[in-house]
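Chain by chain, the residues run as shown.
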Amino acid sequence: VAPRAILGLLGPNGAGKTTTLRALAGILTPTRGRLLIDGHDIVRDPVAAKAHLAYVPDDPQLFDRLTVWEHFRFIASAYRLRDWLDRAEALLDRLELTAKRHALASDLSRGMRQKLAAGCAYLHQPRAILLDEPFTGPDPRGIRTMKALIREHAAAGAAIIVSSHLLSLFEDLCTTVLILHHGRVLRHGPLDDLRGQLAAEGRHETLEELFFRLTETPPSPDLAERIEDRG
């Protein structure tokens with residue numbers, strides 16, 4: 001994923017989306033290959049890689065006994081940030097968390113918890129941002145804000161991967177799409193190129209229609225054998 005690109009990671013449940021993100025974040029160790037974050041190997045040089053990385057899971061595990069503002073202070077300390085106060089205040093305002101700055105994380109709704117996790121992720125201005133289902137908790141205004149922040153950080157040079165089941169939100173957000181099914185890449189490329197390929201094939205499909213056509217087709221026997229061989 002290149003700087004300024006927004007990759008939409010699509011696939012049905014069990015396709016491997018979260019596994020992919022967790023491996024990129026250094027939570028799972030890959031069985032083969034290399035995973036590089038801003039040129040740093042996540043396995044061999046995890047501290048350097050994670051210094052440039054932000055990962056927001058679909059159900060963020062926050063510190064329940066810390067307040068919203070204490071989360072920002074903790075992140076600033078962990079990443080040894082300087083001059084972070086104005087950026088933190090701006091994120092609080094954008095994510096509608098200002099009124100909750102002294103609230104404990106345990107008292108926040110799921111949508112607010114996702115917003116707080118996103119704010120903490122953006123605070124150190126990472127080069128790579130991994131977002132797993134970021135649109136399932138926030139309300140419509142929150143979704144609009146989350147999409148705006150994604151676009152802004154991509155424009156500033158970040159490489160972003162977004163995993164989501166809400167396909168309709170991807171059409172105007174992602175620059176590139178990767179569709180997974182049973183751990184296999186079915187389609188991968190710039191969204192505009194995919195649209196061009198479909199037009200050349202005489203198909204006039206939305207991204208959602210393409211997704212269902214590809215993922216509802218039974219896998220070939222040789223693919224089933226490869227999946228079984230991998231366990």
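These numbers were taken from a predicted model, which means no experiment stands behind them.

Trainee: Where do I start with the packing of helix α4 (residues 85-94) against helix α5 (residues 110-123) in this structure?
Mentor: Helix-helix packing: each pair is described by the crossing angle between the helix axes and the interaxial distance. Put simply, α4 and α5 touch, their axes get as near as 10 Å, and they point 150 degrees apart. Classified by the angle between their axes, α4 and α5 sit roughly antiparallel to one another. For the pair α4 and α5, the crossing hand works out as right-handed. Contact residues: Arg87, Ala88 and Leu91 in α4; Gly119, Tyr122 and Leu123 in α5. A class-by-class count of the residues in the contact of α4 with α5 yields four nonpolar, one polar and one charged.

Trainee: Sorry if this is basic, but what is going on with helix α3 (residues 68-78) here?
Mentor: For an α-helix, the turn length of 3.6 residues means that residues three or four places apart are oriented alike. Of the residues making up α3, those classed as buried are Val68, Trp69, His71, Phe72, Ile75 and Ala76. The buried side chains of α3 occupy one side of the element, clustering within an arc of 155 degrees when seen end-on. Elements in contact with the buried residues of α3: α4 and α5. Looking one or two places after α3, you find Arg80, whose phi comes out positive at around 55 degrees.

Trainee: Explain unusual backbone geometry to me, please; I cannot follow it from the model alone.
Mentor: Leaving glycine out, the prevailing phi sign among residues is negative, and the prevailing peptide bond configuration is trans. Despite not being glycine, Gln125 shows a phi value in the positive range, around 50 degrees. Exposure remark for Gln125: the relative accessible area of 51% places this residue in the exposed category. For His182, which is not a glycine, the phi torsion comes out positive at approximately 55 degrees.

Trainee: For this particular structure, what's the right way to read the nonpolar core?
Mentor: Side chains of nonpolar character tend, in soluble globular proteins, to be buried together. The biggest cluster of nonpolar side chains holds 53 residues, and the ones touching the most others in it are Phe72, Leu123, Ile150 and Ile160. In this structure, Phe72 is in contact with Trp84, Ala88, Leu91, Leu92, Leu116, Gly119, Cys120 and Leu123, ignoring residues within four places of it in sequence. Leu7, Leu21, Ala25 and Leu180 belong to the second largest nonpolar core, which has 15 residues in total.

Trainee: Just to check I follow, could you spell out helix α8 (residues 207-215) for this structure?
Mentor: Buried within α8 are the following residues: Leu207, Leu210, Phe211, Leu214 and Thr215. The buried residues of α8 occupy one face: seen down the axis, they fall within an arc of 110 degrees. In this structure, the buried side of α8 is in contact with β1 (6-10), β7 (176-181), β8 (184-190) and α7 (191-200).

So, how was this worked out
- Residues numbered from 1 in each chain as written.
- Predicted model: local features only at pLDDT ≥ 70, side-chain atom pairs only at ≥ 80, totals over all residues.
- Heavy atoms only, no water.
- Axes fitted to C-alpha atoms, helices over the stretch in contact; angles between N-to-C directions.
- Helix = DSSP H or I, 4+ residues; strand = E, 2+ residues; numbered from the N terminus.
- Parallel < 35°, antiparallel > 145°, perpendicular 65-115°, else oblique.
- Left-handed = near helix turned anticlockwise from the far one by under 90°.
- Contact = heavy atoms within 4.5 Å.
- Nonpolar A, V, L, I, M, F, W, Y, C, P; charged D, E, K, R; others polar.
- Buried < 20%, exposed > 50% of the residue type's maximum accessible area, 1.4 Å probe, protein only.
- Arc of directions from axis to C-beta.
- Core = buried A, V, L, I, M, F, W, Y, C linked by side-chain atoms within 4.5 Å.

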